[in-house]
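Structural description and commentary
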Amino acid sequence: MIESIATTSLLGHRPVCGGNLIRDAYGKRKSLNTCRFPATEFLGGRVVVSLPLPKSKHDSYLSSSSIKALAVELTREAYSYREERLPKKDNNKIDSGFDPRPGLWPPPNRADNPSLQNPLLRQERMGCGWLGAIFEWEGVLIEDNPDLEKQAWLALSQEEGKPSPPAFILKRIEGMKNEQAISEVLCWSRDPAQLRRMANRKEEIYQALQGGIYSLMPGSKEFVSVLMHYKIPMALVSTRPRKTLETAIGQIGIGDNFSVIVAAEDVYRGKPDPEMFVYAAQLLNFIPERCIVFGNSNQTVEAAHDARMKCVAVASKHPVYELGAADLVVRRLDELSVVDLKNLADIESAEFGSGEPELELELEQDYDTSPLDDNFW
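Owing to the predicted nature of the structure, the values given are computational and were not obtained by experimental measurement.

**As for helix α12 (residues 338-346)**
Taken together, the buried positions of α12 are Val338, Leu341, Lys342, Leu344 and Ala345. Angular distribution of buried residues about the axis of α12 spans 165°; they occupy a single face of the element.

The structure is reproduced here in structure tokens:
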């Protein structure tokens, strides 16, 4: 009888009680005191069953607990047997886009590197402390009004008796430092004292037009709070004076979120020169490849890529299709997640190169091998 049961599966039969079969739910059931599942084990594709001897009433508690443990173990073995019989994924077949075994979770962690011997390095790699965020001020964190900038330049030109700059010139000097725009684009003066005076006057006109009222961009404060929660270092860059920036961020309540502030006094040139972003990365103690710049113009994208950084463009002033050169384009900052930033910083762009110095080939000089004249000596 044992051999006959061993050649069949236990899953399709009723359990055995003292050598007799238990009746179904419609008949009379026997007491569980004398009922016990037989011990089973898988050998290849068969289930081997060994019938135990009936136990006394003193072992009722142990019998019920052994039934539960045996049922759990039998379920695990059956599940593992079913997993082994699943067909293996063929590399030649077309990927259908879904996992044939969705129960295998979680997926392998790309950030972890088991080959690292130092557990602190592994923890830092799996966290968020290996990337930095560099924010622009206007158009990213606070609302930007480009008309006020144009009105300030027009008012300054009238005070200085200069011709009013056309629209394409005003568009060209967007994001530049005031001294840089006056000397290199507008060509009003090259005297350092005059440049400093006109730059300060232009900033006074702009602050008077702006009125000292700052309003946050939708979703910007929430996104900054998320980065603070995950302990991602952040820097703020702008071509405004430092005093104006510190007053503004204190007024809107985000002054404690930025560990680094780069203002107009800290750099010589503005966008599209990457000097501001490179200096901010140095103060954050990060290499440029692990920094993400948040801006709202193509000048920012150009400067970030020149600094070998990734760039996320916020479509606040320009439409989305004009910011296609950015690595990522969003309408609001709260559309992003920390996972998006880690995936973006982990990508090695081909335009950045391998980082190895290029070998320069020396050109052989052509020597004149013609015979010398006898009169030369």
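The rest of the description comes next.
**Here we look at the sheet that holds strand β5 (residues 132-136)**
The sheet built from 6 strands is open, its strands ordered β7-β6-β5-β8-β9-β10 with parallel pairing. Looking at strand neighbours, the two that pair on one side only are β7 (260-262) and β10 (328-330), the edges of this open sheet. Averaged over all pairs of adjacent strands, the angle between strand axes in this sheet comes to 20°, irrespective of strand direction. In terms of strand pairing, β5 meets strand β6 (residues 234-237) through 4 bridges, oriented parallel. The partner of Ile134 across the bridge, within β6, is Ala235. Against the sheet, α12 engages β8 (291-295) and β9 (310-314), with an angle of about 115° to β8.

**Points about helix α10 (residues 275-284)**
Taken together, the buried positions of α10 are occupied by Met276, Phe277, Ala280, Ala281 and Leu284. Buried residues of α10, seen end-on, are gathered within an arc of 130° and therefore sit on one face of the element. Buried-residue contacts for α10 involve β5, β6, β7, β8 and α11 (298-306). Phi turns positive, to about 65°, at Asn285, one or two residues after α10.

**A word on the packing of aromatic side chains**
Evaluated as defined, the whole model comprises 6 aromatic pairs. Ring centres of Trp153 and Trp188 lie 6.4 Å apart, and the angle between their planes is 70°; on these two criteria the pair is classed as edge-to-face. Here Trp188 lies in the loop between α6 (178-186) and α7 (192-210) and Trp153 lies in helix α4 (residues 146-160), a separation of 35 residues in the sequence. Between the aromatic rings of Phe223 and Phe294, the centroid separation amounts to 5.7 Å while the plane-to-plane angle is 65°, which identifies the pairing as edge-to-face. Note that Phe223 is positioned in helix α8 (residues 220-229) and Phe294 in strand β8, a separation of 71 residues in sequence. Ring-pair connections join several aromatic residues into one group, and the members of that group are Phe135, Phe223, Phe258 and Phe294. A cation sits over an aromatic face here: Lys202 above Tyr206, 5.6 Å from the ring centre. Looking at Arg240, its charged tip hangs above the ring of Tyr206, at a distance of 3.9 Å from the centre.

**Observations regarding unusual backbone geometry**
Put simply, Lys271 and Pro272 share a cis peptide bond, and its omega is 5°. A positive phi angle is found at Arg308, which is not glycine, with a value near 65°. For Arg308, the position within the fold is in the loop between α11 and β9.

**Here's the deal with the pattern of salt bridges**
As a working rule, side chains carrying opposite charge can pair if their charged atoms are close by. All chains considered together, the criterion is met by 15 salt bridges. The shortest N-O distance in the salt bridge between Arg201 and Glu159 comes to 2.8 Å. Taken together, the residues Arg201 in helix α7 and Glu159 in helix α4 connect sequence positions 42 residues apart. The closest approach of N and O atoms between Arg201 and Glu204, which form a salt bridge, is 3.3 Å. You can see Arg201 and its partner Glu204 sitting in helix α7, 3 residues apart, about one turn around the helix. Judged by its relative accessible area of 31%, Arg201 falls in the partly exposed class. Each of Glu138, Glu149, Lys202, Glu203 and Arg240 takes part in a single network of salt bridges with overlapping partners.

Here is what the cut-offs are and how they apply
- Residues numbered from 1 in each chain as written.
- Predicted model: local features only at pLDDT ≥ 70, side-chain atom pairs only at ≥ 80, totals over all residues.
- Heavy atoms only, no water.
- Buried < 20%, exposed > 50% of the residue type's maximum accessible area, 1.4 Å probe, protein only.
- Helix = DSSP H or I, 4+ residues; strand = E, 2+ residues; numbered from the N terminus.
- Arc of directions from axis to C-beta.
- Pairing = 2+ DSSP bridges.
- Axes fitted to C-alpha atoms, helices over the stretch in contact; angles between N-to-C directions.
- Contact = heavy atoms within 4.5 Å.
- Phe/Tyr/Trp six-rings, centres within 6.5 Å; stacked < 30°, edge-to-face > 60°.
- Lys NZ or Arg CZ within 6 Å of the ring centre and 35° of its normal.
- Salt bridge = Lys/Arg side-chain N within 4 Å of Asp/Glu carboxyl O.

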